[in-house]
Amino acid sequence: MSSSVPVLGSTHDPALRSGIAKATKHLMPMLVILYFVAFLDRTNVGFAEEALRVDRGISDAAFALGAGIFFIGYAIFEIPSNLLLKRFGARFWLARIAITWGTVAGLFAFTTNDTMFIILRFILGVTEAGLFPGVIMYLSEWFPNKVRVRMFAIFYLAQPFSQMIGAPLSGALISVGDKVTPFHGWQVMFGGEGVLAVLAGVAAFFFLTNSPQQAKWLDDGEKSSLTAAMAREDTARSADGPTGILKALASGRVWYFTVIYFCLQVAVYGTTFYLPQQVSSILGQDVGWQVGLVSAIPWLVGLVACYLIGARADSVGRRRRWGTLFYITTGLSILGSAWAGANGQPVLGIVFITLAVASFLAVGPITWAYPTAFLTGAAAAAGIGLINSLGNLGGFVAPIMRTAINAAVPTDSGAFGIVSLGVLAFLAAVMIFCTKFFRGSKADDLLDTSHVATKETTR
């Protein structure tokens, strides 16, 4: 006589499946809102570039340095912030991050010169440090490997949402601020979006829960099943990955994925920072609500690609194949946008930019699936913090590299500077593909067998 017994950790376990659904409902909206506002506050500077130049005399060199220096402060405080999150809990620490960065973001309304602009950008990076890797670590403690890329993809949706909604919002605040307030439009934009971050931080304190055991909205069976599944994965990760902070920081695999993430961020921020100005040039209009609406098109397509690919990337093979494909597509699309700009093809330029945005949004959640499969505990706090902090230096390098290359090889379209941003995506494609030669991990074994719903036992 046989009976079906749920396999521990299987997403077909009814209690586990119910627990995951409730956790998704209760946690993901707040996390998406936090990242939405964070991405908005770190990239809205692109909408104020021309106005800052005219109203405050901010030079091109200062703008490029300020756009990038955000990531220096971000990198320096990333690992300490992640370790403090482990100590104080995600609920308090993520709320603290949002409130302090929102305050600094609002202070940009009072920018008067190059020095103040650069200092505020640095401090913004310091105060926001730890948000993204903190959420990545938080999700890896709440959701099993089988569904983790899907959760990362939902979290990543904040990026396209921030550009679809945030780009028109930033443009509208500038337009309305110029017309109906005694302030410059860019001041209204910075002040209003800074307040949004503070409000999001206050809300996070009340909506987030540190662990399944503390979740009042889970019943006892759901708590037990979810806790057991995560404990099983923690055991596998502990056996397979580095243990402790120092070993995580010295891990070759951690540094391997740091390089991959750096390549990704060069493409992301090299495209994002200059998107409003590129669209403005194509349309022949000043930055405002129309430019904002057109700038939202690539992010709308990216939103769909990010979610659909993330929802299907539930095996090691798929993650590797799709990761390689979308890194290649990112590089080719950036090169295509450079070609279109140099040859006076504005429609093709928008098409290529849209493909680039869709590709790097789709590949981001897949990239994070790898380190979270072998890092846990303090090693996860340090390793994820290292990958994100040094990887995000790509955001510092991208605008400076693009500006320097354009200065060295000047063209009307700035094609050579754009090309430089796409080349590193091909390196990332090769590195993701080469993970097939890694020694098989216990965490990967869990992922590839977690589709088994039941096992048959015979009495």
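This is a predicted model, so every value here is computed, not measured.

(A) Up close: the overall build of the protein. Across its full length, the protein carries 22 helices and two strands. In the protein, buried positions account for 56% of the 459 residues. Long-range contacts, defined as pairs at least 24 residues apart, comprise 83% of the intrachain contacts of the protein with a sequence gap of at least 6. In the form shown here, the protein has an accessible surface area of approximately 17,600 Å², with 68% of it arising from carbon and sulfur atoms.

(B) Structural view of the pattern of salt bridges. Counting across every chain of the model gives four salt bridges. Between E222 and K22 there is a salt bridge whose closest N-O contact spans 3.1 Å. Separated by 200 residues along the polypeptide, E222 in helix α11 (residues 220-240) and K22 in helix α1 (residues 14-43) bring together distant segments of the chain. With a relative accessible area of 27%, K22 lands in the partly exposed category. Between E233 and R148 there is a salt bridge, and its shortest N-O distance comes to 2.7 Å. Of this pair, E233 sits in helix α11 while R148 sits in helix α7 (residues 145-156), and the two are 85 residues apart along the sequence. Each member of the pair, E233 together with R148, is buried.

(C) Structural view of the confidence of the model for the protein. Here the protein averages 81 in pLDDT, while 86% of its residues score no lower than 70. When pLDDT is averaged over each helix and strand of the protein, the minimum, 33, is found for strand β2 (residues 454-458) and the maximum, 94, for helix α4 (residues 90-107). Note that pLDDT drops below 50 for residues 1-10; the model gives that stretch 30 contacts with residues more than four away or on any other chain. Note on residues 449-459: pLDDT is under 50 here. Beyond four places in sequence and across chains, it has 27 contacts.

(D) Main features of the side chain of Q265. Its place among the elements puts Q265 in helix α13 (residues 252-272). Leave out the neighbours within four places in its chain, and Q265 touches G270, G391, N392, G394 and G395.

(E) The arrangement of helix α10 (residues 185-207) in detail. For α10, built from 23 residues, the straight-helix expectation of 33 Å at 1.5 Å per residue is met to within 8% by its first-to-last C-alpha distance of 33 Å. G185, W186, Q187, M189, F190, E193, G194, A197, A200, G201 and A204 are the residues of α10 that are buried. Considering only its buried residues, α10 is in contact with α1, α2 (45-56), α4 and α9 (166-180).

(F) A look at the packing of helix α3 (residues 60-88) against helix α19 (residues 377-391). At a minimum axis separation of 8 Å, α3 and α19 run at an interaxial angle of 160°. It follows from the interaxial angle that α3 and α19 lie roughly antiparallel. Crossing of α3 over α19 shows right-handed handedness. Between α3, through Y74, A75, E78, I79, N82, L83 and K86, and α19, the contact on the second element is made entirely by G377, A378, A380, A381, A382, I384, G385, L386, N388 and S389. Residue composition of the contact of α3 with α19, grouped by class: ten nonpolar, five polar and two charged.

(G) Local environment of the packing of aromatic side chains. Applying the stated criterion to the full structure yields 22 aromatic pairs. Considering the side-chain rings of Y261 and W368, the 5.0 Å spacing of their centres and the 65° angle between planes classify their relative orientation as edge-to-face. Of this pair, Y261 sits in helix α13 while W368 sits in helix α18 (residues 346-369), and the two are 107 residues apart along the sequence. The exposure classification of Y261 matches that of W368, with both residues buried. Taken together, the ring pairs in this structure connect Y35, F132, F155, Y156, Y261 and W368 into an aromatic cluster. The residue whose ring lies beneath R91 is F205, and the NZ or CZ to ring-centre distance is 4.0 Å.

(H) Main features of the nonpolar core. Among the nonpolar cores identified, the biggest contains 120 residues, and L94, W101 and W142 are the most heavily contacted of them. If we skip the residues at most four places from it in the chain, W101 touches L34, V37, A38, D41, L124, T127, E128, L131 and A197. With six residues, the next largest nonpolar core counts V266, I334, A356 and A398 among its residues.

(I) Summary view of the packing of helix α6 (residues 131-142) against α11. Where α6 meets α11, the axes come as close as 8 Å, and the angle between the chain directions of the two elements is 115°. What the angle tells us is that α6 and α11 run roughly perpendicular. Note on element contacts: α11 touches α6 through L226, M230 and R237, opposite S140, E141 and W142. Residue composition of the contact of α6 with α11, grouped by class: three nonpolar, one polar and two charged.

(J) Molecular detail of the environment of M401. As for its position among the elements, M401 is in helix α20 (residues 393-408). Separated by 20 residues in sequence, M401 and L421 place their C-alpha atoms 8.2 Å apart.

(K) Examining a nonpolar patch on the surface more closely. Judged by side-chain polarity, W339, V347, L348, V351 and L355 come together as a nonpolar surface patch covering roughly 460 Å² of accessible area. Among the elements that line the nonpolar patch, the one with the most residues is α18, at four residues. Position of W339 among the secondary structure elements: in helix α17 (residues 316-342). Residue classification places W339 among the partly exposed positions, given a relative accessible area of 46%.

Reading the values: rules and limits
Residues numbered from 1 in each chain as written. Predicted model: local features only at pLDDT ≥ 70, side-chain atom pairs only at ≥ 80, totals over all residues. Heavy atoms only, no water. Helix = DSSP H or I, 4+ residues; strand = E, 2+ residues; numbered from the N terminus. Buried < 20%, exposed > 50% of the residue type's maximum accessible area, 1.4 Å probe, protein only. Contact = heavy atoms within 4.5 Å. Areas by Shrake-Rupley, 256 points an atom, 1.4 Å probe, with all protein chains shown as cover. Salt bridge = Lys/Arg side-chain N within 4 Å of Asp/Glu carboxyl O. pLDDT = per-residue confidence, 0-100. Expected span 1.5 Å × (residues − 1). Axes fitted to C-alpha atoms, helices over the stretch in contact; angles between N-to-C directions. Parallel < 35°, antiparallel > 145°, perpendicular 65-115°, else oblique. Left-handed = near helix turned anticlockwise from the far one by under 90°. Nonpolar A, V, L, I, M, F, W, Y, C, P; charged D, E, K, R; others polar. Phe/Tyr/Trp six-rings, centres within 6.5 Å; stacked < 30°, edge-to-face > 60°. Lys NZ or Arg CZ within 6 Å of the ring centre and 35° of its normal. Core = buried A, V, L, I, M, F, W, Y, C linked by side-chain atoms within 4.5 Å. Patch = residues over 30% accessible without salt bridge, like charges linked within 9 Å, V, L, I, M, F, W, Y side chains within 5 Å.

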